[in-house]
Amino acid sequence: LWDCNGMMTCSSGHYYPECPFPQICGGGGCYSCPSGHHICNREGANYYSRTCWSGTKCHSTGCVSGEDPDNPYLCPPADADPPPAAR
């Protein structure tokens, strides 16, 4: 999700063209991606939350119980370093 320069490329309709590691893109700007959560891919979906705790599923009403195979991307651990910069 984040490129080798530690930036996430945002889709059209998002507030910024890029967001820095470990933030994720959204319509109102760049948002935190808490450790222990996975990212709710909001492209084409009507999810309520941007992220959900691992072990829960992204849903239009929020995060509900169950695994979420449609949203496999995890937020980085709190102590994670950004991806190494391009050389």
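Above this text you will find the structure in question.
Let me begin by describing the structure that accompanies this report. (Residues numbered from 1 in each chain as written. Predicted model: local features only at pLDDT ≥ 70, side-chain atom pairs only at ≥ 80, totals over all residues. Heavy atoms only, no water.)

## Considering the pairing of strand 7 (residues 56–59)
Then comes step 1: Of the pairings in the sheet, the one linking strand 7 to strand 8 (residues 62–65) comprises four bridges and is antiparallel in character. Directly across from lysine 57, in strand 8, lies its bridge partner valine 64.
Then comes step 2: Remark: two residues form the turn of the hairpin made by strand 7 and strand 8, two consecutive strands paired antiparallel. (Pairing = 2+ DSSP bridges. Helix = DSSP H or I, 4+ residues; strand = E, 2+ residues; numbered from the N terminus.)

## What to know about the side chain of asparagine 71
Then comes step 1: One can find asparagine 71 in the segment after strand 8.
Then comes step 2: Every residue in contact with asparagine 71, bar those within four places of it in the chain, is listed here: His38, Ile39, Cys40, Asn41, Tyr47 and Cys58. (Contact = heavy atoms within 4.5 Å.)

## Some words on the packing of aromatic side chains
The way to describe two aromatic rings as a pair is by their centre distance and the angle between their planes.
Then comes step 1: Under the counting rule described, the total for this entry stands at two aromatic pairs.
Then comes step 2: For the ring pair tryptophan 2 and phenylalanine 21, a centre distance of 5.3 Å and an interplane angle of 80° mean the geometry is edge-to-face. Of the two residues, tryptophan 2 is situated in the segment before strand 1 (7–9) and phenylalanine 21 in the loop between strand 2 (18–20) and strand 3 (24–26); the sequence distance between them amounts to 19 residues. Grouping residues by exposure puts tryptophan 2 and phenylalanine 21 together as buried.
Then comes step 3: Seen from their ring centres, tyrosine 15 and tyrosine 16 are 4.8 Å apart, and the 90° between their planes marks the pair as edge-to-face.
Then comes step 4: In this structure, arginine 50 is placed above the aromatic ring of tyrosine 31, and the distance from its NZ or CZ to the ring centre is 3.5 Å. (Phe/Tyr/Trp six-rings, centres within 6.5 Å; stacked < 30°, edge-to-face > 60°. Buried < 20%, exposed > 50% of the residue type's maximum accessible area, 1.4 Å probe, protein only. Lys NZ or Arg CZ within 6 Å of the ring centre and 35° of its normal.)

## Here we look at the environment of proline 76
Then comes step 1: When you line up the elements, proline 76 lands in the segment after strand 8.
Then comes step 2: Looking at proline 76, the relative accessible area reads 11%, which means it is buried.
Then comes step 3: With 55 residues separating them in the primary sequence, proline 76 and phenylalanine 21 have C-alpha atoms 8.9 Å apart.
Then comes step 4: Not counting residues within four places of it along the chain, the set of residues in contact with proline 76 comprises Trp2, Phe21, Pro22, Cys33 and Ser35.

## Some remarks on the state of the cysteines
Disulfides are covalent bonds that connect the sulfur atoms of two cysteines.
Then comes step 1: Applying the stated criterion to the full structure yields five disulfides.
Then comes step 2: Each sulfur of the disulfide joining cysteine 19 and cysteine 30 lies 2.0 Å from the other. Between cysteine 19 and cysteine 30 the disulfide shows an S-S torsion of about -90°. By sign, it is left-handed. Linking cysteine 19 in strand 2 with cysteine 30 in strand 4 (residues 29–31), this pair joins segments that are 11 residues apart in sequence.
Then comes step 3: Residue cysteine 19 is classed as buried on the basis of its relative accessible area of 0%.
Then comes step 4: For cysteine 30, a relative accessible area of 23% puts it in the partly exposed group. (Disulfide = S-S within 2.5 Å.)

## Let's talk about the environment of proline 69
Then comes step 1: On the secondary structure map, proline 69 appears in the segment after strand 8.
Then comes step 2: C-alpha separation for the pair proline 69 and lysine 57, spaced 12 residues apart in sequence, amounts to 8.5 Å.

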